[in-house]
Amino acid sequence: MQLFAILLSGVLINNFVFARFLGICPFLGVSRKLETAIGMSMAVIFVITMASLISWAFYWFVLEPLRLGYLQTVAFILIIASLVQFVEVVILKVSPVLYQALGIYLPLITTNCAVLGAAILNIRESYTFIETLTNGLAAALGWSLAILLFAGIRERLELADIPAPLKGFPVALISTGLMAMAFLGFQGFLKGVLF
C-alpha cells in the first residue's frame, strides 16, 4: 500500500510541474506539439527513473559510507549528465527528426530541476530501493502526464480565437496556472483511497 501511495502521490498529488513547480522550462518549451512532448516524455521517464536508482545506490553505497554526503548534488548532476548524454545519442541514432524537434531542450534535461529534485527527494525521504524506483517513476509519469495534457491544450489553443495580447506565451502561462489549480483537487484523494 505504501508503494501505491508513493505512485499516486507522485503522479497526481505532488506532481512535479503543478505542485512542486519543477521542470517548468522544458515543460513550457517542448509542449507546443504533442509529438515532441511524447518524445521528451519518454526521455524524461528514462532519465528520472534511472537517475533516481543510480543516485540512490551511489549515495548509500559510496557517499554515505565515506561520509561524503555533502557531495550529493555534484555527484547526482554528474550521474544525470551521463544519462542525458546516453539518451541524446540514442535519440539521434533512432530518430534524427525527434532529435531536431527537441533541440536545446534535450541536453537541458541535465539541468532539469525535476530530475535532480527526484534524486534528492529520494534521499531526503530515506526511501528504500523499491520506494526510490516507485517515486522516480511516479515523478516522471507525473511530469509526462502534465506535458502531454498541456501539449494537447496548446495544440487546441492554436486553433482558438484568442485576443492578440494573450496569444502565445501569456495564454500558455494562464493555462498552466489553471491546470495547477485543477490538480489541487487531488490533494485529499489519497486519504479517500487509502482509508
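Now for a quick tour of the structure. (Residues numbered from 1 in each chain as written. Predicted model: local features only at pLDDT ≥ 70, side-chain atom pairs only at ≥ 80, totals over all residues. Heavy atoms only, no water.)

**Quick notes on the overall build of the protein**
Okay, step 1: In terms of helices and strands, the protein carries nine helices and zero strands.
Okay, step 2: Mapped from its N terminus to its C terminus, the protein presents α and β elements in the order α-α-α-α-α-α-α-α-α.
Okay, step 3: Relative to its length of 195 residues, the protein is compact, with a C-alpha radius of gyration of 17 Å against a globular reference of 16 Å.
Okay, step 4: Expressed along its principal axes, the backbone C-alpha trace of the protein runs to roughly 60 × 45 × 25 Å.
Okay, step 5: Looking at the protein residue by residue over its 195 residues, the buried ones come to 45%.
Okay, step 6: For the protein, the exposed area adds up to about 10,200 Å²; of that, 71% sits on carbon and sulfur atoms. (Helix = DSSP H or I, 4+ residues; strand = E, 2+ residues; numbered from the N terminus. Rg over C-alpha atoms; globule rule 2.2 N^0.38 Å. Buried < 20%, exposed > 50% of the residue type's maximum accessible area, 1.4 Å probe, protein only. Areas by Shrake-Rupley, 256 points an atom, 1.4 Å probe, with all protein chains shown as cover.)

**Focus: the packing of helix 3 (residues 34-63) against helix 6 (residues 113-124)**
In a pair of packed helices, the angle between the axes and the distance between the axes together describe the arrangement.
Okay, step 1: Closest axis-to-axis distance for the helix 3/helix 6 pair is 9 Å, and the angle between their directions is 40 degrees. The angle between helix 3 and helix 6 falls in the class oblique. The element helix 3 and its partner helix 6 pack so that their crossing is right-handed. Residues V47, I48, A51, S52, S55, W56, Y59 and W60 of helix 3 lie in contact with helix 6, whose contacting residues are A114, V115, A118, A119, N122 and I123.
Okay, step 2: Across the contact of helix 3 with helix 6, the residue classes break down as 11 nonpolar, three polar and no charged. (Axes fitted to C-alpha atoms, helices over the stretch in contact; angles between N-to-C directions. Parallel < 35°, antiparallel > 145°, perpendicular 65-115°, else oblique. Left-handed = near helix turned anticlockwise from the far one by under 90°. Contact = heavy atoms within 4.5 Å. Nonpolar A, V, L, I, M, F, W, Y, C, P; charged D, E, K, R; others polar.)

**Section: the packing of helix 4 (residues 72-94) against helix 6**
Okay, step 1: Contact geometry for helix 4 and helix 6: axes closest at 10 Å, N-to-C directions at 130 degrees. Relative to helix 6, helix 4 is oriented oblique. The handedness of the crossing between helix 4 and helix 6 is right-handed. Within the contact between the two elements, helix 4 uses Q72, T73, F76, I77 and I80 and helix 6 uses V115, L116, A119, I120 and I123.
Okay, step 2: The residue inventory of the contact of helix 4 with helix 6, partitioned by class, reads eight nonpolar, two polar and no charged.

**Some points on the environment of I54**
Okay, step 1: Mapped onto the elements of the fold, I54 is located in helix 3.
Okay, step 2: For I54, a relative accessible area of 35% translates into the label partly exposed.
Okay, step 3: Each C-alpha atom of the pair I54 and L133 lies 9.9 Å from the other, and the pair is 79 residues apart in sequence.
Okay, step 4: Non-local contacts of I54, meaning those with residues more than four positions away in its chain, are made with I79 and L83.

**Structural notes on the side chain of S144**
Okay, step 1: Summarising the element assignment, S144 is placed in helix 7 (residues 129-159).
Okay, step 2: Of the residues examined, S144 reaches a relative accessible area of 5% and is grouped as buried.
Okay, step 3: With near-sequence residues (within four places) excluded, S144 lies in contact with S41 and I45.

**Overview of unusual backbone geometry**
Okay, step 1: The residue F21 is not glycine, and still its phi comes out positive at about 55 degrees.
Okay, step 2: Structurally, the position occupied by F21 is in the loop between helix 1 (2-13) and helix 2 (24-29).
Okay, step 3: For F21, a relative accessible area of 55% translates into the label exposed.
Okay, step 4: The phi dihedral of S126 is positive, around 55 degrees, even though this residue is not glycine.
Okay, step 5: Mapping S126 onto the fold places it in the loop between helix 6 and helix 7.

**With respect to the side chain of N122**
Okay, step 1: With respect to the helices and strands, the residue N122 is situated in helix 6.
Okay, step 2: Among the polar contacts made by the side chain of N122, one reaches the side chain of N135 at a distance of 2.7 Å.
Okay, step 3: Once residues lying within four places of it in the same chain are set aside, the contact partners of N122 are S52, Y127, T132 and N135. (Polar contact = N/O pair within 3.5 Å; in protein donor to acceptor, adjacent residues only side chain to side chain.)

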